[in-house]
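Commentary on secondary and tertiary structure
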Amino acid sequence: MPTLDRIWTRPHLLDLESLSLAEINAILDTARSLKEVSTRSIKKVPALRGKVVANLFFEDSTRTKTSFSLAAQRLSADVLDFSVSTSSVSKGETLQDTARNIEAMGVDAIVVRHRNSGAPHLLAQVVGCSVINAGDGCHEHPTQGLLDIFTIQETMTQRGRQLAGLKVVIVGDISNSRVARSNIWGLTKMGAQVTVVGPATLCPRTFESFGVKVSHDLDAVLPQADVVNMLRVQFERLTSSAFPSLREYTKSFGLTSDRLATCKPDIIVLHPGPMNRGLEISTAVADGPQSVILTQVTNGLAVRMAVLYLCVGANAVARSNV
Ligand code: CP
């Protein structure tokens with residue numbers, strides 16, 4: 001097991017915006033140490049034995065929820081998968097009361113996904129256990145940002161390259177994307193040169209204030225890119241007036257084999273999932289040799305193990321000192 005990182009003292013992971021470069025590196029370094037656990041025949045370490053991690057997902061999830069559950073189990077924690085649809089939330093119980101009641105059962109960490117931006121920050125003020133943001137509205141998805149950065153760094157290190165200075169292009173519905181925001185905060189702190197690309201209605205120039213370039217012309221930026229991260233079109237958050245037709249979107253912003261042929265041959269392609277195959281990314285590209293999409297999922301487990309280990313550990317230290 002890695003020793004608890006002295007740089008990491010936070011009980012919660014709420015966003016990447018507030019993290020320092022040293023804190024991001026502390027998570028990435030810990031994830032690198034913990035990745036090996038999943039290759040063992042017995043995929044477990046006792047780091048969080050006796051601890052309890054609760055998943056509170058108010059929005060659907062395949063990857064994040066499963067990944068946090070497995071991460072907690074690999075650290076020997078008990079896992080509570082809270083079912084929102086069959087809970088007293090349907091009777092009007094508030095988010096705060098739900099979380100306080102779960103904490104009262106002796107939970108050490110709450111992993112929360114919520115449609116409202118800021119919900120995890122609110123919970124962190126009302127509970128004493130760790131709170132991990134698993135995606136809040138359009139705001140942030142910090143573990144997705146971290147696993148994307150981990151995957152880019154790991155792939156580039158294998159090729160003798162550094163993340164700092166890489167040209168990363170993030171494509172799609174930037175306005176509504178919590179994945180884009182966490183990628184932007186994390187990647188710019190790591191020294192990458194980020195360009196966001198999408199229709200003007202979904203990728204406004206205001207993103208320049210985040211320290212990134214903004215473009216509405218994918219074909220102009222792709223040939224210089226080292227990494228392209230294709231975002232899911234989030235129909236559940238879109239207004240029809242902001243979105244062109246499906247055919248028009250794919251024509252201008254879809255990553256097809258023809259478009260990939262204009263890129264550097266060693267470009268890597270990311271997608272956070274779930275994918276709209278044939279819309280933002282073609283099947284040939286998603287399953288092709290430049291794709292690291294399933295590597296992202298594998299790395300997500302190591303990153304979430306690191307986040308749980310560091311936050312629950314730091315919270316235990318802080319609470320033992322009061
Ligand atoms: N990338 C991501 O958050 O996927 P899920 O919605 O399946 O968790």
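Sequence order as written defines the numbering, with residues in each chain counted from 1. It should be noted that, the model being predicted, local features are given only for residues of pLDDT at least 70 and side-chain atom pairs only at 80 or more, the latter also being counted only at that level, while totals for whole chains, interfaces and linings use all residues. Calculated side-chain values reflect all of the structure's heavy atoms, with hydrogen atoms and water omitted.

A short note on the sheet that holds strand S2 (residues 78-82)
On the basis of which strands lie adjacent, the open sheet formed by four strands has the order S2-S1-S3-S4 and parallel pairing. Of all strands in the sheet, those with a lone pairing partner are S2 and strand S4 (130-136), marking the two edges. Across this sheet, the average inter-strand angle for adjacent strands is 15 degrees, counted without regard to direction. A pair of strands is labelled paired if DSSP reports no fewer than 2 bridges between them. Counting from the N terminus, the helices are DSSP H or I runs at least four residues long and the strands are E runs at least two residues long. When strand S1 (residues 52-57) meets S2, the two strands line up parallel, connected through five bridges. By the bridge assignment, Ala54 is partnered in S2 with Leu80. Where helix H4 (residues 119-126) meets the sheet, its contacts fall on strand S3 (109-114) and S4, and the angle it forms with S4 comes to roughly 165 degrees. Fitted lines through C-alpha atoms give the axes, limited to the stretch in contact for helices. The angle between two N-to-C directions lies from 0 to 180 degrees. Contacts are assigned to residue pairs that have any heavy atoms within 4.5 Å of one another.

Topic: the packing of helix H1 (residues 21-35) against helix H5 (residues 142-158)
For any two helices packed against each other, the geometry is given by the interaxial angle and the distance between the axes. Where H1 contacts H5, the axes come no closer than 11 Å and their chain directions differ by 70 degrees. With respect to each other, H1 and H5 are oriented roughly perpendicular. Judged by the twist between their axes, the crossing of H1 over H5 is right-handed. Between H1 and H5, the contacting residues are Ile24, Ile27, Leu28, Ala31, Arg32 and Lys35 on the first element and Leu146, Ile149, Phe150, Gln153 and Glu154 on the second. Three residue categories are used. Nonpolar comprises Ala, Val, Leu, Ile, Met, Phe, Trp, Tyr, Cys and Pro, charged comprises Asp, Glu, Lys and Arg, and polar comprises the others, including Gly. Here the contact of H1 with H5 is built from residues that sort into seven nonpolar, one polar and three charged. Any angle between 65 and 115 degrees counts as roughly perpendicular, while under 35 counts as roughly parallel, over 145 as roughly antiparallel, and the rest as oblique. Each helix crossing is assigned a hand: it is left-handed if the near helix lies turned anticlockwise from the far helix by less than a right angle, otherwise right-handed if that turn is clockwise.

Considerations on the pairing of strand S6 (residues 193-197)
Relative accessibility under 20% of the residue-type maximum defines a buried residue, over 50% an exposed one, and the middle range a partly exposed one, all with a 1.4 Å probe and only protein chains included. With four of five residues buried, S6 is to be regarded as a mostly interior element. Looking at chain direction, strand S5 (residues 167-171) and S6 are connected through five bridges and run parallel. Bridging from a neighbouring strand, Val169 pairs with Thr195 of S6. The sheet contact formed by S6 and strand S7 (residues 213-215) spans three bridges and is parallel. Each bridged residue has a counterpart across the sheet, and for Val196 the counterpart in S7 is Val214.

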